[in-house]
Amino acid sequence: MQPSVRLAMGALILAASAVISIVLKSGWPLMVVLAVMLVVRPRWWTVLILGFTFTVFLNSGWPLLGSLFFIATCKPKRWWPIPAGIAFGLVEVLSFYLSDRPVGITRGYTALGSMAEALIYPDHANKVSYWGIYEPVIDWTMALILGTTIGSFLSARYSGDFKLNTVPYLWSFSKGSSTARRWIWAFTAGVMMGFAARIAGGCVSGLLISGVIQLAPAGFIFMMSLWVGGVATTFLFYRSRVIAVRKD
């Protein structure tokens, strides 16, 4: 299909969704179409229009600011450490400003576990003192899980780095091309990391990043432990013959 034809079709669909939104007095049709366009063929103007539409519909300036930040920062496929660190710091500041809490993502999974047990086995859930800390309610950490997943996908699409790959190259070179084996190991590692995060009282975001930014000793201890454990596990798991230091 010619680029001019695609552009004309996109403009027609966009105009039709705008008309439907006006007729229904709701911004959702337009926002859904813009979101689909952003996923199918992301462009800077699509992000900008989507952010502006959400700003008008939600009566808040945050979506527009977020879209401008996305346009400015999500095009590169990789970031240098210093800009990435500054971005993490800004995210932490916004987290404290908007939610009075540091960033932490595994808390959301714990709350989901609390909700699941409250639905399946409520009598036992009421007896578990741990669920008194993580009550079965939907909070901002669940939105963080959803936003991290969607944001990572959109960033990969926007930068042109997205591709479906069930078995990474390093894994296939060292462990074979079995998709089932890869997913079993990934699931097992995820469960172990989540369990360890609950024992430590936080994950990479909630304890390492948030802790170090607040100069908490636990954050620095977690950082060094994670680094030592990660390097040792990498050499034991992948073997040194497939590991190389890359500088670019």
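Everything that follows concerns the structure shown earlier in this document.
Here, residues in each chain are numbered from 1, in the same order as that chain's written sequence. Local features in a predicted model are, by the rule used here, given only for residues with pLDDT of at least 70; side-chain atom pairs are given and counted only at 80 or more, and totals for whole chains, interfaces and linings are based on all residues. Side-chain descriptors were evaluated using all non-hydrogen atoms of the structure, hydrogens and water having been removed beforehand.

Draft legend 1. Region of interest: helix H6 (residues 106-120). Given a rise of 1.5 Å per residue, 15 residues ought to cover 21 Å, and the 21 Å separating the end C-alpha atoms of H6 matches this to within 8%. Taken as a whole, H6 has its buried residues at Thr-106, Gly-108, Thr-110, Ala-111, Ser-114 and Glu-117. As for H6, its buried residues are in contact with helix H7 (122-127), helix H8 (140-159) and helix H10 (179-200). Starting at the N terminus, helices and strands are each numbered in turn, a helix being any DSSP run of H or I of at least four residues and a strand any DSSP run of E of at least two. Helices are assigned an expected span. That span is 1.5 Å times one less than the residue count. The buried label applies to any residue whose accessible area, calculated with a 1.4 Å probe on protein chains only, is under 20% of its type's maximum; exposed applies above 50%, and partly exposed to all values in between. Working rule for contacts: check all heavy atoms of both residues, and any pair within 4.5 Å makes them a contact.

Draft legend 2. Layout of the side chain of Ser-67. With respect to the element layout, Ser-67 can be found in helix H4 (residues 62-73). Once residues lying within four places of it in the same chain are set aside, the contact partners of Ser-67 are Val-47, Leu-48 and Gly-51.

Draft legend 3. Spatial organisation of helix H5 (residues 81-99). For H5, built from 19 residues, the straight-helix expectation of 27 Å at 1.5 Å per residue is met to within 8% by its first-to-last C-alpha distance of 26 Å. All buried positions along H5 are accounted for by Ala-87, Glu-92 and Ser-95. When H5 is viewed along its axis, its buried side chains cluster within an angular range of 145 degrees and face the same direction. Counted as exposed and oriented over 90 degrees from the buried face of H5: Ile-82, Ile-86, Val-93 and Tyr-97. Just beyond H5, the residue with positive phi is Asp-100, at close to 60 degrees. The arc in question is the one spanned by the directions pointing from the helix axis to the C-beta atoms.

Draft legend 4. A look at the nonpolar core. To form a nonpolar core, buried Ala, Val, Leu, Ile, Met, Phe, Trp, Tyr and Cys residues must be joined to one another through side-chain atoms within 4.5 Å. With 13 residues, the main nonpolar core has Leu-14, Leu-34, Leu-38, Leu-50 and Phe-70 as its most contacted residues. Broken down by element, the residue count for this core peaks at 6 residues, all from helix H2 (residues 28-40).

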